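# A structural walkthrough
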Amino acid sequence: MKIEGVCSSGLCTQCGTCVALCPRGAIAAEWSLRDGYLMRVDDDQCNDCGICVDVCPGDGLDFTPTAWWREENEDAAFQDFLGPWRRLLIGWASDAQTRYRGASGGIATALLQGALAHDVIDAAIVCRMDPENPLRVQTVIARTADEIAECRGSKYNVVATNTLLRRVLDEPGRYALVGLPCHIQGFRLAQRRSARLRERVAFTLGIFCASSFRPRATEVEALRSGLDPRRLSRVSYRGPGWPGPLRLETRAGEASESELSTYFPHFVRSSSLLRCRLCPDALCELADISVGDTWLPRYDGTPGVSDLVIRTPRGERLIDTVAPDWLTLFDSTPDEILQTQAETSQMKRDRYRGRMWLRRLSGRPQPCNPGIELRPSLGDRWAGIKDLAREAHRYVETVRYPSRD
């Protein structure tokens, strides 16, 4: 299957790896409000070398205990859904302001700033809302603590992070890559082909993920709030505080806030990427360190707390270097981490089986993920059937809230 086939079949994760690794620059990621990033191939430039397909995670990944990406980490513990791990922690940024202003305790911000301060990296690949178009997420290379801080917080919006791997290939230095599971998967596939990426990326920081969402979701939320999305000047999905509201501001000074529990279900129902619904990797199993919200009642009302899954020796070395000055951490257990992520597990792994079952019935292409149980229970099948209603909900919202794009 060529990369165009991956896209047309709905299996594109929009990670952008193919754009960065194409040796002839024949692939471009074109952004639209309705769909996010679409990969376009210039047939005149393409020579059918196949590199784009080799580094594409859209067609699936091996999740078996003996998968190729575990070869340097064979002694790590392993548990289904949790993935490989060497240490399990719960914690937050030691700096009170970093903790308060982050999405879930400021762990990612503090880790990156600490890595920069301890000379582990020269820069970090992170993302922020585009100042010129707040409905779009922009990937940037941050080289200072302040630039890292500007990129704090969740972005419930699709982003082609790995397009910047081209900069890593072209510009010497030591980089951290922050990404969702699809970004880290694409990066690991790219590393297999590129010694330069293996040398220059010092570590990967994976963010727990239930789904990526089309930019259209934020536009609809603006319309639901009575704001003109064309006049937005700022979009903030989480924080300050935990879990923090979605805050939309316009150039005229208008503003609205929606609590996570209010707006997030609308995003899930109407704007999840199709490929996200076929992804079993919620906790970013291929990262060196994975982080995400700690959803435990005892932490309600706090400024934010994160789960940390330290997966590789490289991740352990980073934590040992950075944690004493930058993080407040406590040991956790597999049961506790799985408890905090119970809702994400249901959303990703249980419904995944039902969705894959429906894909097989329809004869449509589906990703191949060896190591993931595919025998759906009746409950899984029912969850997959109910998921079809989300497509109907998306069309209803299109009628109720016509796009201003």
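Here the structure is shown first, and the text comes after it.
First things first, this report covers the structure right here in the doc. (Residues numbered from 1 in each chain as written. Predicted model: local features only at pLDDT ≥ 70, side-chain atom pairs only at ≥ 80, totals over all residues. Heavy atoms only, no water.)

### Thoughts on the sheet that holds strand E10 (residues 232–236)
The condition that has to hold: The criterion for strand pairing is that DSSP finds at least two bridges linking the strands in question. Numbering of helices and strands starts at the N terminus; helices are DSSP runs of H or I of at least 4 residues and strands are runs of E of at least 2. Angles run from 0 to 180 degrees between N-to-C directions of axes, and those axes are lines fitted to C-alpha atoms, restricted for helices to the stretch in contact.
Spatially, three strands are ordered E10-E11-E12 in an open sheet, and the strand pairing comes out antiparallel. Sheet topology places E10 and strand E12 (255–258) at the edges, where each strand pairs with a single neighbour. The average angle at which neighbouring strand axes cross in this sheet is 10 degrees, direction not considered. Taken together, the four bridges between E10 and strand E11 (residues 246–250) define a ladder with antiparallel strand orientation. In the strand pairing of E11, Arg 234 is matched with Glu 249.

### Quick word on empty space enclosed by the protein
The following threshold applies: Only protein atoms enter the 1 Å grid used here. Points where a 1.4 Å probe fits but cannot escape make up a cavity, open sets with protein on both sides within 12 Å along at least five of seven lines make up a pocket, and a residue lines them when an atom lies within 4 Å of a point. Grid points are joined across faces, edges and corners, and a volume is the space filled by probe spheres set on the points. Under the grouping applied here, Gly and all other residues not named as nonpolar or charged are polar, the nonpolar ones being Ala, Val, Leu, Ile, Met, Phe, Trp, Tyr, Cys and Pro and the charged ones Asp, Glu, Lys and Arg.
One pass over the full model with this rule turns up five cavities of 30 Å³ or more. Considered as a void within the structure, the largest cavity measures approximately 120 Å³ in volume. Looking at the lining of the largest cavity element by element, the count peaks at three residues for helix H8 (residues 181–193). Here the residues of the lining of the largest cavity sort into eight nonpolar, three polar and two charged.

### Brief notes about a nonpolar patch on the surface
Put simply, the rule reads: Patch membership needs two things, relative accessible area over 30% and no salt bridge, and members are linked within 9 Å if like-charged or within 5 Å if nonpolar (Val, Leu, Ile, Met, Phe, Trp, Tyr). Using a 1.4 Å probe, accessible areas were evaluated by the Shrake-Rupley method; residue-level cover was limited to the displayed protein chains. Criterion for a salt bridge: a side-chain nitrogen of Lys or Arg within 4 Å of a carboxyl oxygen of Asp or Glu. Only protein chains enter the accessibility calculation, which uses a 1.4 Å probe. A residue is then buried if its area is under 20% of the maximum for its type, exposed if over 50%, and partly exposed in between.
There is a patch of nonpolar side chains on the surface, built from Trp 382, Ile 385 and Leu 388 and spanning about 320 Å² of accessible area. Structurally, the position occupied by Ile 385 is in helix H15 (residues 378–400). Assessed through its relative accessible area of 36%, Ile 385 is described here as partly exposed.

### Examining the layout of surface pockets
Its boundaries defined by the atoms lining it, the largest pocket holds a volume of some 1200 Å³. If you trace the largest pocket, you find 50 residues lining it, with Ser 154, Tyr 156, Phe 208, Arg 238 and Asp 293 closest to the centre. Mapped onto the lining of the largest pocket, the elements with two or more residues apiece are helix H5 (107–117), strand E6 (123–130), strand E8 (175–179), helix H11 (260–271), strand E13 (289–293) and helix H14 (342–362). Per-class residue counts for the lining of the largest pocket are 24 nonpolar, 18 polar and eight charged.

### Re unusual backbone geometry
Here Trp 242 and Pro 243 are connected by a cis peptide whose omega angle stands at 0 degrees. With respect to the secondary-structure elements, Pro 243 resides in the loop between E10 and E11. Positive phi outside glycine occurs at Gln 14, with the angle close to 60 degrees. In this model, Phe 81 sits at a positive phi of 75 degrees, which is unusual for a non-glycine residue. Note that Phe 81 resides in the loop between strand E3 (77–79) and strand E4 (83–85). Among the residues examined, Phe 81 registers a relative accessible area of 5% and is labelled buried.

### Let's talk about the environment of Trp 382
Among the structural elements, Trp 382 can be located in helix H15. Separated by 28 residues in the primary sequence, Trp 382 and Gly 354 have C-alpha atoms spaced 7.0 Å apart.

### A closer look at the pattern of salt bridges
A full pass over the atoms with the stated rule returns 25 salt bridges. Notably, a salt bridge pairs Asp 288 with Arg 188, separated by 3.5 Å at the nearest N-O pair. You can see Asp 288 sitting in the loop between H11 and E13 and its partner Arg 188 sitting in helix H8, a full 100 residues away along the chain. When its relative accessible area of 12% is taken as the criterion, Arg 188 is described as buried. Between Arg 224 and Glu 221 there is a salt bridge, with the nearest N and O atoms lying 3.5 Å from each other. Taken together, the residues Arg 224 and Glu 221, both in helix H10 (residues 216–224) and three residues apart, mark about one turn of the helix. With relative accessibility at 3%, the residue Glu 221 sits in the buried group. Sharing partners across several salt bridges, the network here consists of Arg 234, Arg 247, Glu 249 and Glu 257.

### A few points about the nonpolar core
For the record, the criterion: For this analysis, a nonpolar core means a set of buried residues of the types Ala, Val, Leu, Ile, Met, Phe, Trp, Tyr and Cys, connected via side-chain atoms within 4.5 Å. Working rule for contacts: check all heavy atoms of both residues, and any pair within 4.5 Å makes them a contact.
If you look at the biggest cluster of nonpolar residues, it comprises 47 residues, and the most contacted ones within it are Leu 21, Ile 27, Ile 125 and Leu 197. Among all residues touching Ile 27, those that are not within four sequence positions of it are Ile 3, Cys 18, Val 19, Cys 22, Met 39, Arg 40, Val 41 and Cys 52. In terms of nonpolar packing, the next biggest core, distinct from the first, is built from 29 residues, Ala 93, Ile 289, Ile 310 and Leu 318 among them.

### Regarding the packing of H5 against helix H12 (residues 313–326)
Inclusion rule: Angles are sorted into four bins: roughly parallel if under 35 degrees, roughly antiparallel if over 145, roughly perpendicular if 65 to 115, and oblique for all others.
Here H5 crosses H12 at 105 degrees, and the two axes come no closer than 9 Å. The angle between the axes of H5 and H12 places the two elements in the roughly perpendicular class. Counting all contacts with H5, which are made through Ala 110, Leu 111, Gln 113, Gly 114, Ala 115 and Ala 117, the residues of H12 involved are Leu 318, Ile 319, Val 322 and Trp 326. Here the residues of the contact of H5 with H12 sort into eight nonpolar, two polar and no charged.

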